[in-house]
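A look at the structure
Residues per chain, in single letters:
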Amino acid sequence: MESRRRLRGARVVYTLLVLLFLGMVNLVSALSVTVNDLECVYEYVLYEGDTVSGNFVVVDHDIFWGSDHPGIDFTVTSPAGNVVNSLKGTSGDKFEFKAPSSGMYKFCFHNPHSTPESVSFYIHVGHIPTEHDLAKDEHLDPINVKIAELRESLESVTAEQKYLKAREARHRHTNESTRKRVIFYTVGEYIMLALASSLQVVYIRRLFGKTVAYNRV
Amino acid sequence: MKLVEAAAVLLVVVVVAPAVRALWVDLPRTGTKCVSEELHNKVVVLADFHSFFGQNDDVNHTVLPSLSVKVTSPYGNNLYHQEKISYGQFSFTTTETGSYMACFTVDSEQNGGKTVTVGIDWKTGISAKDWDLVVKKEKIEGLELELKKLEGIVQAIRDNMNYMMSREMDMREVSETTNGRVARFSIMSLGICIAASVSQSLYLRRYFRKKKLI
């Protein structure tokens, strides 16, 4: 009797823990940081074989007349120390990889240029219970696997939306800048033109001043 | 007694779990490190943060660093401001569209020399929803709760898409206006150039005639 009660208590706790872990694996983080030279963020991956996906976009600052953004470098380092993923000189990209081991992963942004950049990034760690997890724990139904797969698909849609939103923000920034430049530079051009032509006239008048008239006599 | 032990384990897991779940950022010894996110109106934001010395959270920490945390809205309003704390939580609902920034500063008078790491768990929108409240109110559990969460995510995706469509429409209008303006202003500038040169020539001809040089 005593042992059965103890077993039931343990089962309850185990179920609660499993449910807690199932609810826990939705790791989402979407933030912007300013990168002066090197900025690293760390994210913990709970299970080996989890899919780590994400994206980052460099928020545009006013480039004066470069045609394209110089871009930043992005590196992902595993807890063992080897580089898992690396992108160079991009102004925004998506990434996805399967975590080779569990532990603390380091996501680094390196800015090779002197102007500080602002990077908006999103990292998601997704876990789907595998056959091994199903066999290990009798409280996990196959339906939990399906639900986890559904949740991961929805998360990928959300990730895509966040990426598009960040890209749209950058595009909007460029648009606003173009609009301001058109107005400012056109009005400036008209004023400069008027000024240049009147200065020309004044100069020619001075050239053919009184001295010439006197010489002609 | 087993239940008490179990409850203790559960409590530890619940307390430790957010620590594991967060995004960690290194803090510089001097100066402020800020993280921000661009949000639109009426979004619920829920954030947990905790700080510790060193790079790993495994070690039992007896001394925690003291930070100063400040959260500002895009128009400069102060949403949360606390000095000399190591961990905490803040939440707010956005009222303005723009970039919301949370800044962390290490207090300089404590023992500098060790790196300070802050774990930030920043949740917006549907991730910030309190599911315990829904469970209590509607008395659902297990699979039904999971499916309800999925339904919430789908609704959030749809709302996001509608919002992005309206933003795209605004941007398209600005683009088309700029396009019209470029054409108009270029032709006008050509017209002004011709007018300026013609008026120059006419004026100089009149001037030279007056001066009896022509």
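Residues numbered from 1 in each chain as written. Chains lettered and ligands numbered in written order. Predicted model: local features only at pLDDT ≥ 70, side-chain atom pairs only at ≥ 80, totals over all residues. Heavy atoms only, no water.

1. Quick word on the overall build of chain B
On a plain count of helices and strands, chain B comes out with three helices and eight strands. In chain B, the order of α-helices and β-strands from amino to carboxyl end is α-β-β-β-β-β-β-β-β-α-α. Each of the 214 residues in chain B was classed as buried or not, and the buried ones make up 36%. Taking the contacts inside chain B whose residues are at least 6 apart along the sequence as the reference set, 71% of them involve residues at least 24 apart. Here chain B displays about 13100 Å² of accessible surface, and carbon together with sulfur accounts for 58% of that area. (Helix = DSSP H or I, 4+ residues; strand = E, 2+ residues; numbered from the N terminus. Buried < 20%, exposed > 50% of the residue type's maximum accessible area, 1.4 Å probe, protein only. Contact = heavy atoms within 4.5 Å. Areas by Shrake-Rupley, 256 points an atom, 1.4 Å probe, with all protein chains shown as cover.)

2. Comments concerning a positive patch on the surface
On the surface, a cluster of positive charge is contributed by Arg205 of chain A together with Arg206, Lys210 and Lys211 of chain B. The exposed category is assigned to Arg206 of chain B, whose relative accessible area is 55%. (Patch = residues over 30% accessible without salt bridge, like charges linked within 9 Å, V, L, I, M, F, W, Y side chains within 5 Å. Salt bridge = Lys/Arg side-chain N within 4 Å of Asp/Glu carboxyl O. Lys, Arg positive; Asp, Glu negative; His and termini not counted. Charge placed at Lys NZ, Arg CZ, Asp CG, Glu CD.)

3. Considering the interface of chain B and chain A
Taken together, the contact between chain B and chain A spans 54 residues of the former and 57 residues of the latter. Across the chain B to chain A interface the summed buried area is about 5500 Å²; carbon plus sulfur atoms make up 69%. Linking chain B with chain A are three salt bridges, by the criterion used here. Inspection of the region where chain B meets chain A yields 17 residue pairs in polar contact (both at pLDDT 80 or more). The greatest single-element share of the side of chain B that touches chain A, amounting to 29 residues, is contributed by helix α3 (residues 143-210) of chain B. Considered class by class, the residues forming the side of chain B that touches chain A number 34 nonpolar, nine polar and 11 charged. Pairing of strand β2 (residues 38-45) of chain A with strand β1 (residues 23-27) of chain B, which is carried by three bridges, proceeds in the antiparallel orientation. In the strand pairing of β1 of chain B, Glu43 of chain A is matched with Leu23 of chain B. (Buried area = accessible area lost by both parts, 1.4 Å probe. Polar contact = N/O pair within 3.5 Å; in protein donor to acceptor, adjacent residues only side chain to side chain. Nonpolar A, V, L, I, M, F, W, Y, C, P; charged D, E, K, R; others polar. Pairing = 2+ DSSP bridges.)

4. Some details on the pairing of strand β7 (residues 103-110) of chain A
Regular strands place side chains that alternate from one sheet face to the opposite one. Residues and elements named next belong to chain A. The buried fraction of β7 is high, at six of eight residues. As paired strands, strand β4 (residues 72-77) and β7 are joined by five bridges and run antiparallel to one another. If you follow Thr75 over to β7, its bridge partner there is Cys108.

5. What to know about the packing of helix α2 (residues 131-138) of chain B against α3 of chain B
Residue and element names in this part refer to chain B. Packing of α2 against α3 brings their axes to within 11 Å, and their N-to-C directions diverge by 125 degrees. Here α3 runs oblique to α2, going by the angle between their axes. Like other packed secondary-structure pairs, α2 and α3 cross with a definite hand, here right-handed. Here α2 contributes Trp131, Val134, Val135 and Glu138 to the contact with α3, which in turn contributes Leu145, Lys148 and Lys149. Residue classes in the contact of α2 with α3 are distributed as four nonpolar, no polar and three charged. (Axes fitted to C-alpha atoms, helices over the stretch in contact; angles between N-to-C directions. Parallel < 35°, antiparallel > 145°, perpendicular 65-115°, else oblique. Left-handed = near helix turned anticlockwise from the far one by under 90°.)

6. With respect to the pattern of salt bridges
All chains considered together, the criterion is met by 11 salt bridges over all chains. Between Lys33 of chain B and Glu39 of chain A there is a salt bridge; the shortest N-O distance is 2.5 Å. Pair noted here: Lys33 of chain B is in strand β2 (residues 32-39) and Glu39 of chain A is in strand β2, and the two residues belong to different chains. There is no split in this pair, since Lys33 of chain B and Glu39 of chain A are both buried. The residue Lys149 of chain B makes a salt bridge to Glu146 of chain B at a minimum N-O spacing of 4.0 Å. Of this pair, Lys149 of chain B and Glu146 of chain B both sit in helix α3, three residues apart, which is roughly one turn of the helix. Via salt bridges that share partners, Arg151 of chain A together with Glu146 and Lys149 of chain B belong to a single interconnected network.

7. Structural notes on the sheet that holds β7 of chain A
An order of β5(A)-β4(A)-β7(A)-β2(A)-β1(B)-β8(B)-β3(B)-β6(B) is seen for the eight strands of this open sheet, with the pairing classed as antiparallel. Of all strands in the sheet, those with a lone pairing partner are β5 (83-90) of chain A together with β6 (87-93) of chain B, marking the two edges. Shown here is a sheet whose adjacent strand axes are inclined to one another by a mean of 20 degrees, direction ignored.

8. What about the state of the cysteines?
All names here are of chain A. Scanning the entire structure with this criterion turns up two disulfides over all chains. Bridging Cys40 to Cys108, the disulfide has an S-S length of 2.0 Å. Judged by the torsion about the S-S bond (105 degrees), the Cys40/Cys108 disulfide is right-handed. Here Cys108 lies in strand β7 and Cys40 lies in strand β2, a separation of 68 residues in the sequence. In this structure Cys40 comes out as buried when scored by relative accessible area, which is 11%. With relative accessibility at 8%, the residue Cys108 sits in the buried group. (Disulfide = S-S within 2.5 Å.)

9. Structural notes on a nonpolar patch on the surface
Residues and elements named next belong to chain A. On the surface, a nonpolar cluster with roughly 560 Å² of combined accessible area is contributed by Ile183, Val187, Ile191, Met192, Leu195 and Leu199. Residue position: Leu199 is located in helix α3 (residues 142-207). A relative accessible area of 54% places Leu199 in the exposed class.

10. What about the nonpolar core?
In terms of nonpolar packing, the biggest core is built from 47 residues, with Phe56, Phe107 and Phe121 of chain A together with Phe90 and Phe104 of chain B touching the most fellow members. Other than its neighbours up to four places away in sequence, Phe104 of chain B contacts Leu27, Gly31, Thr32, Lys33, Val35, Phe49, Leu67, Ser68, Val69, Val118 and Ile120 of chain B. Core analysis: the second largest hydrophobic core is formed by seven residues, Cys40, Tyr42 and Met104 of chain A together with Ala22 of chain B among them. (Core = buried A, V, L, I, M, F, W, Y, C linked by side-chain atoms within 4.5 Å.)

11. Looking at the confidence of the model for chain B
All names here are of chain B. For chain B, the mean per-residue pLDDT works out to 84, and 86% of the residues sit at or above 70. No element of chain B has a lower mean pLDDT than helix α1 (residues 2-21), which averages 48, and none a higher one than α3, which averages 93. Here residues 6-19 is modelled with pLDDT under 50, and outside its nearest four sequence neighbours on either side it reaches 11 contacts, counting other chains as well. Interface scoring of the predicted complex returns ipTM 0.79; its pTM is 0.79. (pLDDT = per-residue confidence, 0-100.)

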